[in-house]
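# Report on the structure
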Amino acid sequence: MELVKNIASGKYFIVVDDADEEAIMVITPEGKVKSLERRLFGPQVSVENGCSDLDRRLTQRQLDKYGEYEAYVD
C-alpha cells in the first residue's frame, strides 16, 4: 500500500493512482476517492497492509474503500 501525508492537515491518504505528474488519485480519510494536486502531499511511502505504524493512522473508512479497490483490481 502506498501512502502520502497531506502537508496542511498532517493526515495520511492512500494512493490509488499516481500516473499523472500534476495530480494523484487518493482515498481520503473520509473514504472518498479524489484526484488532488500532488504538491499538497509529502513524499510517497510504501507500507505493508496491517503491519506499519503509518497504517494504523488510517481511518476505517479508508481501509474499507481500499479493500473495495483491491477486490475490483484483482
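Residues numbered from 1 in each chain as written. Predicted model: local features only at pLDDT ≥ 70, side-chain atom pairs only at ≥ 80, totals over all residues. Heavy atoms only, no water.

### Some details on the overall build of the protein chain
Here is the rule: Secondary structure elements are taken from DSSP: a helix is a run of H or I of four residues or more, a strand is a run of E of two residues or more, and numbering for both begins at the N terminus. Type-normalised accessible area, obtained with a 1.4 Å probe on protein chains alone, sets the label of each residue: buried when under 20%, exposed when over 50%, and partly exposed for intermediate values. By definition in these notes, contact holds between two residues if any of their heavy atoms fall within 4.5 Å. Only the protein chains shown count as cover for residues, with accessible areas throughout obtained via the Shrake-Rupley method and a probe of 1.4 Å.
When you go through the protein chain residue by residue, the secondary structure sums to one helix and five strands. Overall, the protein chain shows an N-to-C arrangement of helices and strands of β-β-β-β-β-α. When each of the 74 residues of the protein chain is scored for burial, the buried share is 31%. The contacts of the protein chain with a sequence gap of at least 6 include a subset with a gap of at least 24, amounting to 44%. For the protein chain, the accessible surface area stands at approximately 4,900 Å², while carbon and sulfur atoms represent 47% of it.

### Re the nonpolar core
The criterion, for reference: The term nonpolar core refers to a set of buried residues drawn from Ala, Val, Leu, Ile, Met, Phe, Trp, Tyr and Cys, joined through side-chain atoms within 4.5 Å.
By size, the foremost hydrophobic cluster in this structure holds nine residues: Met1, Leu3, Tyr12, Ile14, Val16, Ile27, Val47, Leu58 and Tyr66. Here this core takes three residues from strand β2 (residues 12-17), the largest share from any one element. Core analysis: the next-biggest nonpolar cluster, separate from the first, contains six residues, Val4, Phe13, Ile24 and Val26 among them.

### Some words on the pattern of salt bridges
Inclusion rule: The rule for a salt bridge is simple: a side-chain nitrogen of Lys or Arg has to be within 4 Å of a carboxyl oxygen of Asp or Glu.
Counted according to the given criterion, the structure contains two salt bridges. Of the charged contacts in the structure, one is a salt bridge between Arg39 and Glu37, with a shortest N-O distance of 2.5 Å. Here Glu68 ties to Lys65 by a salt bridge, and the two come within 3.4 Å at their closest N and O atoms. A residue pair is termed a helical-turn pair when its members lie 3 or 4 positions apart in one helix, as Glu68 and Lys65 do in helix α1 (residues 60-73) at three residues. Relative accessible area serves as the criterion here: at 49%, Glu68 is assigned to the partly exposed category. The class of Lys65 is partly exposed, set by a relative accessible area of 28%.

### A closer look at the sheet that holds strand β1 (residues 2-5)
Definition in use: Two strands pair if DSSP finds at least two bridges between them. Helix axes use the C-alpha atoms of the stretch in contact, all axes being lines fitted to C-alpha atoms, and the angles between their N-to-C directions lie in the range 0 to 180 degrees.
In spatial order, the strands read β4-β3-β2-β1-β5; together these five strands make up an open sheet with antiparallel pairing. Each end of this open sheet is capped by a strand with a single partner; those strands are β4 (33-37) and β5 (45-46). Two elements, β1 and β2, share three bridges in a ladder whose sense is antiparallel. In the sheet register, Lys5 faces β2, and the bridge partner there is Tyr12. Sheet strands in contact with α1 are β2, β3 (23-27) and β4, and its direction is about 10 degrees off that of β2.

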